[in-house]
Amino acid sequence: MCVIVAPGAEALHDGVVDSDAALAEGVRSGGVRELARAITAIENSPTGAPGLLDALGSPDRPAHVLGITGAPGVGKSTMTSALVRAYRLREKRVAVIAVDPSSPFSGGALLGDRIRMQEHSGDPGVYIRSMASRGHLGGLNAAIGPVLRVCEVAGFDAVILETVGVGQSEVEVAAAADTTLVLIAPGMGDGIQAAKAGILEIGDIFVVNKADRDGASTTARELRHMIALGERLPQEWEPPVHMTVASTGDGIEDVVLAAGEHLQWLIDTGNLARRREVRAREEILDTASALVRAELLEDRRGVDSLASEVAGGRMTAFEAAQRLLEEGPPGRMDA
Ligand SMILES: Nc1nc2c(ncn2[C@@H]2O[C@H](COP(=O)(O)OP(=O)(O)OP(=O)(O)O)[C@@H](O)[C@H]2O)c(=O)[nH]1
Ligand SMILES: [Mg+2]
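**Considering the overall build of the chain**
Next up, step 1: Helix and strand counts for the chain stand at 13 helices and 7 strands.
Next up, step 2: Across the 335 residues that make up the chain, the buried fraction comes to 45%.
Next up, step 3: Considering only contacts within the chain whose residues lie at least 6 apart along the sequence, 77% involve residues at least 24 apart.

In structure tokens:
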């Protein structure tokens, strides 16, 4: 079996370096600049800035991590802004992380979101930023955990993870969140589409947004029906379905209350700790997979020669993979 060294790990120190300690202290005392620098350090570090995480230590209390997902244009950013407003009225500090796995840069969509969130700029109780996985070794999954930790140490009461772009991010955000809100727009059969897309499984709270449009009650009814059809043990959480007009704030209070109830349920049943263990598990596995992949790719030619064997039908991919794992890349067998 090959020895795994994280790319860039040689640049890291064993213990906590001074700058990590200073940065961690800044984060702990609520410095916004330090918070931003800490998140950037995590984003850009292939190994998730372990020295910094060590220096941060564990938070005094966990933040409620809310995930917001839904189809493009359904109102996720508007909902996020409305939720921030509701939390601020309760004097809770909120961090918003716009998660965009598809783009290494902040694209146009994010810029639009920034403008929409402008009402909260200048409020020290609100922190907003976008996050891409960039050079992070384990991809987004592995980067989210450390970022959440930073936000918790910084004393935020709630962290909203908002998906930007389509695809994979929905599932990843749901995996990272304590409470996942799935937004659905009213329309013919949208509830059924949701079921087909498999999002019924990831939602803890369903929100039919744009309830000022036709068909909202029908969509809500369809969703409730489909949720009721799902098999559930008596002690399991049954996701509620709410209707909102995020742009006016109608119905937002109910969503905030539902989120609070879900958190309480998570705590009372021990599911909060369990969910967080699942999150940590994914974080570990993704990081480990990425480490192995990076190591195996160190000798690209070796992998390529196995690839030609597999492509030529002389070896199966499984056999090639086993050989790689057992012996390392062929070019290094003599090493
Ligand atoms: N009529 C109506 N419009 C809404 C409502 N909520 C949001 N909108 C509008 O819908 C449009 C899209 O809203 P966003 O909040 O940007 O949606 P999003 O899901 O963040 O979009 P992406 O980030 O592009 O996926 C904007 O023009 C909002 O003003 C609502 O409840 N009713
Ligand atoms: Mg948006």
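The discussion continues.
**Notes on the pattern of salt bridges**
Next up, step 1: One pass over the full model with this rule turns up 11 salt bridges.
Next up, step 2: Note that Asp-204 is salt-bridged to Arg-275, the shortest N-O span being 3.0 Å. On the criterion of sequence distance, the pair formed by Asp-204 in the loop between helix H8 (190-196) and strand E6 (205-208) and Arg-275 in helix H11 (residues 271-296) is long-range, its members being 71 residues apart.
Next up, step 3: A relative accessible area of 7% places Asp-204 in the buried class.
Next up, step 4: Residue class for Arg-275 comes out partly exposed when judged on its relative accessible area of 26%.
Next up, step 5: Among the ionic pairs, Arg-314 bridges to Glu-309, the shortest N-O distance being 3.5 Å.
Next up, step 6: Residue class for Arg-314 comes out exposed when judged on its relative accessible area of 55%.
Next up, step 7: Classification of Glu-309 as partly exposed rests on a relative accessible area of 28%.
Next up, step 8: Among the charged side chains, a network of salt bridges with common partners joins Glu-152, Asp-178, Arg-276 and Arg-279.

Analysis parameters
Residues numbered from 1 in each chain as written. Chains lettered and ligands numbered in written order. Predicted model: local features only at pLDDT ≥ 70, side-chain atom pairs only at ≥ 80, totals over all residues. Heavy atoms only, no water. Helix = DSSP H or I, 4+ residues; strand = E, 2+ residues; numbered from the N terminus. Buried < 20%, exposed > 50% of the residue type's maximum accessible area, 1.4 Å probe, protein only. Contact = heavy atoms within 4.5 Å. Salt bridge = Lys/Arg side-chain N within 4 Å of Asp/Glu carboxyl O.

Note that all results are geometric; they support no functional claim without further evidence.
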